[in-house]
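Residue-level structural notes
Listed below, chain by chain, are the residues.
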Amino acid sequence: VGIGTTAPDGILQVRQTADTTANILANGAYGIIIEGDDSGTSGESVGLHLAAKTVGTNPIRGVSILGEVQSTSNDHDLIIATSNAGAAPTEKMRVTGDGKVGIGTTTPSEKLHVQGAVGTTNGTAALPTHTFYSDNDTGMYRAAVNTLAFSTGNAERMRINSSGEVSIGSSS
């Protein structure tokens, strides 16, 4: 089926005239709109479900993208849900109407709120794992097993070892 095209490349293809993001957001000229038919009660959602494989007659496993109403003032959260083998999708990430991102939590309280462990690479003094915007050689990294180090200007400046000893200006 082709909408906006006479020669669709897939089972469904929707083509619209491209516009700037600002114009689309301001004027609501979206290519596809999925909306609820309700009054917008808090907690109600509409969504899109993607399933590579149907189990039985229902595509319950897969990935879901939902828009959830948060209040009668019509603020919405974006929800991304994925499924494990044999289970319906569950929420994994949420972006709130005010821009907070939650991973592993449905109620993020900060710009980025991660519930659970976060793994990162080790990093080096020249390229620490945790850096500051526009200052890639200043930050914190894992210098060795159970050892935390801090660098500025491409060089290690401080180290805390597994015994809690702090070295400043020396890596030993």
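Structure shown above.
Conventions used here
- Residues numbered from 1 in each chain as written.
- Predicted model: local features only at pLDDT ≥ 70, side-chain atom pairs only at ≥ 80, totals over all residues.
- Heavy atoms only, no water.
- Helix = DSSP H or I, 4+ residues; strand = E, 2+ residues; numbered from the N terminus.
- Rg over C-alpha atoms; globule rule 2.2 N^0.38 Å.
- Buried < 20%, exposed > 50% of the residue type's maximum accessible area, 1.4 Å probe, protein only.
- Contact = heavy atoms within 4.5 Å.
- Areas by Shrake-Rupley, 256 points an atom, 1.4 Å probe, with all protein chains shown as cover.
- Lys, Arg positive; Asp, Glu negative; His and termini not counted.
- Charge placed at Lys NZ, Arg CZ, Asp CG, Glu CD.
- Pairing = 2+ DSSP bridges.
- Axes fitted to C-alpha atoms, helices over the stretch in contact; angles between N-to-C directions.

Helix and strand counts for the protein stand at one helix and 13 strands. Ordered by position from the N terminus, the helices and strands of the protein form the series β-β-α-β-β-β-β-β-β-β-β-β-β-β. By the compact-globule yardstick of 16 Å for 172 residues, the protein is too spread out, its C-alpha radius of gyration being 24 Å. Dimensions of the protein along its principal axes, counting C-alpha atoms only, are 65 × 40 × 40 Å. With 172 residues in all, the protein has 16% of them scored as buried. For the protein, the proportion of contacts with a sequence separation of at least 24, taken over those separated by at least 6, is 10%. Of the roughly 11900 Å² of accessible surface on the protein, 55% is carried by carbon and sulfur atoms. In the protein, which carries 10 positive and 16 negative side-chain charges, the distance between the mean positions of the two groups comes to 11 Å.

In this section: the environment of lysine 111. By secondary structure assignment, the location of lysine 111 is in the loop between β7 (101-103) and β8 (112-114). C-alpha separation for the pair lysine 111 and aspartate 98, spaced 13 residues apart in sequence, amounts to 9.0 Å.

Turning to the environment of methionine 93, a few remarks are in order. As for its position among the elements, methionine 93 is in strand β6 (residues 90-95). The exposure class assigned to methionine 93 is partly exposed, which follows from its relative accessible area of 26%. Remark: the alpha-carbon pair of methionine 93 and threonine 105, spanning 12 residues in sequence, is separated by 7.2 Å. With residues up to four places along the chain from it excluded, the contact list for methionine 93 reads Leu78, Ile79, Ile80, Val101, Gly102 and Ile103.

Bringing the sheet that holds β8 into the picture now. Taken in spatial order, the six strands of this open sheet run β3-β4-β5-β6-β7-β8, and their pairing is mixed. One side of each edge strand has no neighbouring strand; the edge strands of this open sheet are β3 (45-50) and β8. When the angles between neighbouring strand axes are averaged without regard to direction, this sheet yields 20 degrees. Here β6 pairs with β7 via three bridges, running antiparallel. Following the sheet pairing, valine 95 is matched in β7 by valine 101.

Turning our attention to the sheet that holds strand β12 (residues 155-160). Reading across from one edge, β9-β10-β11-β12-β13 is the order of the five strands in this open sheet, with antiparallel pairing throughout. Each end of this open sheet is capped by a strand with a single partner; those strands are β9 (130-132) and β13 (166-168). Strand-to-strand, the axes of this sheet are offset by a mean angle of 20 degrees, without reference to chain direction.

On to the pairing of strand β11 (residues 147-152), then. Where burial is concerned, the two faces of β11 differ: the one with Thr147, Ala149 and Ser151 is buried and the one with Leu148, Phe150 and Thr152 is not. As paired strands, β11 and β12 are joined by five bridges and run antiparallel to one another. What sits directly across from phenylalanine 150, in β12, is methionine 158. Hairpin remark: β11 followed by β12, antiparallel, with two residues in the connecting loop; positive phi at glycine 153, about 55 degrees.

Keep in mind these values describe shape, not function.
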